[in-house]
Amino acid sequence: MSIFNSLLSDYKLHKKTRTTKHSSYPARFLVPDDQVSWKTGFPAYHPVSFNAPIVMDVATPWADPPFPDKISRKLTSFEGEVVFNENGFPLNPFGRSGLSGRGVLGKWGANFAVDGLITTCDETHSLKVLTIVRKDTGETAIPGGMTDPNESVYETRNRELAEEIAVTTKDLAGALYEKLVFRGYADDPRNTDNAWIETSLIHSHLPHEVAANMMLSAGDDAKDYHWIAVTIDTIKHFYASHGFVLLIALKEMLHSSAVLLNDRVQQELLKLFDE
Ligand code: RP5
């Protein structure tokens, strides 16, 4: 099975959500793969409810009211109409997570984020991805973060890239290719049965001269940054579903006529997809 198909299968079963222990979360109820779907009966399913004190505090500006019946906005999702359980709690579109409540997430239902993927071909014509090291988990990630009220996806992307690695809009203006390549569920360890992250991924491929001259520095949620090669090993070790969405972006670029990748890079990428 290709690395892409393997990550796709893990993603559909939101395995990172179900199996990565978040530092402040209680243990999750064990959900077998064949009982993840809400459509499959699972009478024994009694997950612990966990709401971090900060999200239940009515003074927290980015948090919803303690119970979803007091929310005034319509809950939306890139994954379709939001479904509610008999008690009025929104249900995770990817199925049971092993934990109910909101965890550390501010919003009931979808919590929207944006990620900004930057790639380039370096002086040896090898494909490189600009990544951060997350302060919270120490894992490699695509830079990104939660959307602020009334921000467009591009505004969030630009703000997050500036805060986390000091990328400027001038750097981004030099892109050979820029595309919004993904909108949907993020398989993130903070997700619960009633609150989850959804992300939009914008991919920019920069010429080597632009990438080499960027004045990068890590800040905010990032403790470091690295340009890394795309290999099966690096892809496997990304935070949440970032390895999976990275491959979606690379597949899109591989088939785009806007970027001319050399034969070696094309062959390396094709292997990731078994094409
Ligand atoms: C991920 O969490 C999203 O893809 C996005 O990168 C990130 C947003 O959370 P913070 O980085 O703001 O913690 O699932």
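Refer to the structure presented above.
What counts, and where the lines are drawn
Residues numbered from 1 in each chain as written. Predicted model: local features only at pLDDT ≥ 70, side-chain atom pairs only at ≥ 80, totals over all residues. Heavy atoms only, no water. Helix = DSSP H or I, 4+ residues; strand = E, 2+ residues; numbered from the N terminus. Contact = heavy atoms within 4.5 Å. Polar contact = N/O pair within 3.5 Å; in protein donor to acceptor, adjacent residues only side chain to side chain. Buried < 20%, exposed > 50% of the residue type's maximum accessible area, 1.4 Å probe, protein only. Near = heavy atom within 4 Å. Areas by Shrake-Rupley, 256 points an atom, 1.4 Å probe, with all protein chains shown as cover. 1 Å grid on protein atoms, 1.4 Å probe; cavity = no way out; pocket = protein on both sides within 12 Å on 5 of 7 lines; lining within 4 Å. Sits in = over half its atoms within 2 Å of the grid points. Nonpolar A, V, L, I, M, F, W, Y, C, P; charged D, E, K, R; others polar. Phe/Tyr/Trp six-rings, centres within 6.5 Å; stacked < 30°, edge-to-face > 60°.

Residue placement: Arg28 occurs in the loop between helix H2 (15–19) and strand E1 (48–51). Taking the C-alpha atoms as reference, Arg28 lies 7.1 Å from Val48; in sequence the two are 20 residues apart. Arg28 has contacts with Thr17, Arg18, Ser97, Gly98, Leu99, Pro189, Arg190, Asn191 and Thr192, leaving out every residue within four places of it along the chain. Separated by 3.0 Å, the side chain of Arg28 and the backbone oxygen of Thr17 make a polar contact.

Here the phi dihedral of Ala166 falls at roughly 60°; this positive angle occurs in a residue that is not glycine. With respect to the helices and strands, Ala166 occurs in the loop between helix H4 (153–165) and helix H5 (169–173). At Ala240, a position not held by glycine, the phi torsion is positive, near 45°. Take Ala240: it is sitting in the loop between helix H7 (232–236) and helix H8 (242–254). Classification of Ala240 as buried rests on a relative accessible area of 8%.

So, about the site of the ligand. Close contacts around the ligand come from 13 residues, with Asp115, Arg134, Asp188, Arg190 and His242 the closest. The contact in question runs from an oxygen atom of the ligand to an N or O atom on the side chain of Arg134, over 2.9 Å. Burial of the ligand by the protein amounts to 93% of the accessible area it has alone, namely 360 Å². Judged by the proximity of its atoms to the pocket grid, the ligand belongs to the largest pocket. For the shell around the ligand, the secondary-structure elements that each account for two or more residues are strand E3 (109–121), strand E6 (144–146) and strand E8 (195–206). Ranked by residues supplied to the shell around the ligand, first place goes to E6 with three residues. When grouped by side-chain class, the residues that make up the shell around the ligand number four nonpolar, four polar and five charged.

This model, assessed by the stated rule, comprises 14 aromatic pairs. Look at Tyr11 and Phe182: their rings are 6.5 Å apart centre to centre, the planes differ by 70°, and that puts the pair in the edge-to-face class. In this pair, Tyr11 sits in helix H1 (residues 3–12) while Phe182 sits in strand E7 (residues 177–186), placing the two residues 171 residues apart along the sequence. Comparing Tyr11 with Phe182 shows no difference in burial state: the two are buried. Between Phe42 and Tyr45, the ring centres sit 5.5 Å apart and the planes meet at 25°, which makes this aromatic pair stacked. Put simply, the rings of Phe4, Tyr11, Phe94, Phe182, Tyr185, Phe244 and Phe273 pair up and form one aromatic cluster.

Limitation: the analysis is restricted to geometry and does not speak to function.
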